[in-house]
Amino acid sequence: MSDEKFSVVTTNGDVSTVTSLDEVMQEIKKQKESYTKLLEDHRELSKDVDSNVDLTKQFQKQIATLTGKLAEEKKEQARSLEPHKGGRMRTLQDEESRLKAEIQKLDEDLVSLDRLTHQLKQRTQVSTAMPEKRVVFTGSVSVGREASAGAQAGTSSIDMKVRIMYPMEGGTALVTFEDEKVAQNIVRMEHHEIHVGDCVLRLKAKPMHFLMPSHIEMDTHVCPRRILVSDLPKVDDENRLMDRLEIHFQKKRNGGGEVESVDMLHDSGNVVITFMEDNVAKGLTDTKYHDLDNKYKLRVTPFVNGEITDLQTRMSVSQRTVLLTGIPDIMEQENMQDSLEIHFQKGGNGGGEVDAFVYNPMGHRKLAIFMEDSPK
């Protein structure tokens, strides 16, 4: 038996040849030890796998917990910021609305200024007795030595009187107070409630803004076909006076010629006579004074045309006149004007003594004429 050979086959298929039973037993023992070690390694690996699975589950649970907390924090932060966000949005919207209103008002003022500037530039024809030369108006008046020096230097000046024609819109009124402090108080109050019978009128008071010339340059030239007749007699029949003037200046013996037109300048009370031919005017102005019907002495001076070449303007505010807007058309014009004037005459309503009052109803057009205020 001891000499018989054995073959041992391992689990992995290896074949080893042993020559004795002892060697077989040793080989079996060796394989058992290897198997036991493998079992221990397998148990260790199982423990490691289980441990890793537990760690993975713990990490997944922690990730889920943190994700939930993060989402909750974001929601909480959004809820806490919502009131501030809404308030800021409202503030921005209010600011945007205010800026849009200011832009609209500025656009309206710009349109008004453009319209007034255009009207001023349209008035390029002036009539005055001046030699042909270039004149400049700077908005100031020199007196004393300065005036004398200017005269020696050959500078010409024009006596310009302020006369502004303001187109009134329907449903408005203009009230001029004797005391400018009263006018400023009415503007400062702005909104006014006026009781007219069973009705309550809610009007708005605004200051009167004017576009005034601050610097004017113009070129002038004497018109060869026109004359300016002044020092006219006071008569009741204006048309008869115009006919008499036309007949007088048509006669050759008076130095005249064929007349094209006779126009009265009601602002100054003078008359402009236009002839059909040139140079008739020069002979008449050289004589300067003419007798009308051997009864009246008329003064004849050159008619000077002026063309504005440079116009600069500035904004001016009327100190005693207030513009009232928002007047509804609910009664006769005369009754409405009386009611408004009585209201603004009362000191209890913030008013005072009224110097002038003009009311323009809805659907009507009026031109309010503003003159330069007296020094007093």
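Residues numbered from 1 in each chain as written. Predicted model: local features only at pLDDT ≥ 70, side-chain atom pairs only at ≥ 80, totals over all residues. Heavy atoms only, no water.

Asks: Hey, could you go over the packing of aromatic side chains for me, with residue numbers and the actual values?
Replies: Aromatic rings considered in pairs are described by the distance between their centres and by the relative angle of their planes. Scanning all chains against the criterion turns up 3 aromatic pairs. Aromatic side chains Tyr166 and Phe370 sit 6.4 Å apart centroid to centroid with 90 degrees between the ring planes, which places their arrangement in the edge-to-face category. On the criterion of sequence distance, the pair formed by Tyr166 in strand E4 (residues 163-168) and Phe370 in strand E13 (residues 366-371) is long-range, its members being 204 residues apart. We classify Tyr166 as partly exposed; its relative accessible area is 22%. Taken together, the ring pairs connect Tyr166, Phe210 and Phe370 into an aromatic cluster. (Phe/Tyr/Trp six-rings, centres within 6.5 Å; stacked < 30°, edge-to-face > 60°. Helix = DSSP H or I, 4+ residues; strand = E, 2+ residues; numbered from the N terminus. Buried < 20%, exposed > 50% of the residue type's maximum accessible area, 1.4 Å probe, protein only.)

Asks: I'd like a description of helix H6 (residues 333-345), backed by residues and values.
Replies: Since one α-helical turn is 3.6 residues long, residues separated by three or four positions face the same way. If you check H6, its first and last C-alpha atoms are 18 Å apart, about what 13 residues at 1.5 Å a residue would give, namely 18 Å. If you check which residues of H6 are buried, you get Met336, Gln337, Leu340, His343 and Phe344. Angularly, the buried residues of H6 cover 130 degrees about the axis, an arc narrow enough to put them on a single face. On its buried side, H6 packs onto strand E5 (172-177), helix H3 (180-189), strand E6 (191-196), strand E7 (199-230), strand E11 (296-325) and strand E12 (354-360). (Expected span 1.5 Å × (residues − 1). Arc of directions from axis to C-beta. Contact = heavy atoms within 4.5 Å.)

Asks: Hey, could you go over the pattern of salt bridges for me, with residue numbers and the actual values?
Replies: For the coordinates displayed, the defined rule picks out 9 salt bridges. Where Lys100 meets Glu96, a salt bridge forms, and the shortest distance between an N and an O atom there is 3.5 Å. Here Glu96 and Lys100 lie together in helix H1 (residues 21-122), a separation of 4 residues that amounts to about one turn. Among the residues examined, Glu96 registers a relative accessible area of 43% and is labelled partly exposed. (Salt bridge = Lys/Arg side-chain N within 4 Å of Asp/Glu carboxyl O.)

Asks: Tell me what's going on with the side chain of Ser230, and back it up with residues and numbers.
Replies: With respect to the helices and strands, Ser230 occurs in strand E7. The contact partners of Ser230, leaving out residues within four places of it in the chain, are Asn270, Leu298 and Arg299.

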